[in-house]
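Chains, contacts and geometry: an overview
Listed below are the residues making up each chain.
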Amino acid sequence: MEEYKEQLTERLLQKNDQITYEQALTWVELLWEDFEATYAKAGHEYAGAEMTLKVVTQWIDNYGERLHDFIAKNPKYRHLLQGKNGI
């Protein structure tokens, strides 16, 4: 699973040059956990890391270049995603 997260982090960095490696990794972890939690709450059986990889890859491909804008609208996550030098 860590290999998948590293792969997704690199993919996100290719899509968005406004964030640092640490921020990209945090995004990947948040998206990964959000999908798995939402999927479980909906009553679905665990579909495996491959399914999560597929969904998070789609999210990164579709929204990755704009993820840094999320902070401006949702300060709840600012402490998780703001780097030492800001975003």
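Summary of the structure given here. Given the structure is predicted, the values throughout are model-derived calculations rather than measurements. Per-chain numbering applies: the sequence of each chain, read as written, is numbered from 1 onward. Only residues with pLDDT of 70 or above have their local features reported here, since the model is predicted, and side-chain atom pairs are shown and tallied only from 80 upward, although totals for entire chains, interfaces and linings are computed over all residues. The basis for the side-chain values is all heavy atoms of the structure; hydrogens and waters are excluded.

Helix axes use the C-alpha atoms of the stretch in contact, all axes being lines fitted to C-alpha atoms, and the angles between their N-to-C directions lie in the range 0 to 180 degrees. Here a helix means four or more residues in a row that DSSP labels H or I, a strand means two or more in a row labelled E, and each is numbered from the N terminus. Running from N to C, helix H1 (residues 2–15) and helix H3 (residues 49–63) point in directions that differ by 10°, and their axes come no closer than 10 Å. In terms of orientation, H1 and H3 fall into the roughly parallel class. On H3, the residues that touch Tyr4, Gln7, Leu8, Arg11, Leu12 and Lys15 of H1 are Ala49, Glu50, Leu53, Val56, Thr57, Ile60 and Asp61. Gly falls in the polar group here, along with every residue not listed as nonpolar (Ala, Val, Leu, Ile, Met, Phe, Trp, Tyr, Cys, Pro) or charged (Asp, Glu, Lys, Arg). In terms of residue class, the contact of H1 with H3 is built from seven nonpolar, two polar and four charged. Roughly parallel refers to an angle under 35 degrees, roughly antiparallel to one over 145, roughly perpendicular to one between 65 and 115, and oblique to any angle outside these ranges. Contacts between residues were defined by any pair of non-hydrogen atoms, one from each residue, lying within 4.5 Å.

In summary, the pairing rule links any two rings of Phe, Tyr or Trp, Trp by its six-membered ring, whose centres are within 6.5 Å, and it sorts them by plane angle into stacked for under 30 degrees, edge-to-face for over 60 and tilted for everything else. Counting across every chain of the model gives three aromatic pairs. With 6.1 Å between their ring centres and 80° between their planes, Phe35 and Trp59 make a pair best called edge-to-face. Here the residue Phe35 occupies a position in helix H2 (residues 21–41), and Trp59 occupies one in helix H3, the gap between them amounting to 24 residues. Feature note: the residues Phe35, Tyr39 and Trp59 constitute an aromatic cluster, connected by ring pairs.

Moving on to the environment of Gln18. Mapped onto the elements of the fold, Gln18 is located in the loop between H1 and H2. Accessibility here uses a 1.4 Å probe with only protein chains present; expressed as a share of the type maximum, an area under 20% marks a residue as buried, one over 50% as exposed, and anything in between as partly exposed. Look at Gln18 and you get partly exposed, because its relative accessible area is 46%. Spatially, the C-alpha atom of Gln18 lies 8.3 Å from that of Glu65, the residues being 47 residues apart in sequence. Definition of a polar contact: a pair of N or O atoms within 3.5 Å, with one able to donate and the other able to accept a hydrogen when the atoms are protein atoms, and with sequence-neighbouring residues admitted only if both atoms are side-chain atoms. Here the side chain of Gln18 touches Asp17 through a polar contact of 3.1 Å, side chain to side chain.

Everything listed here is a matter of coordinates, which is why it stays silent on function.
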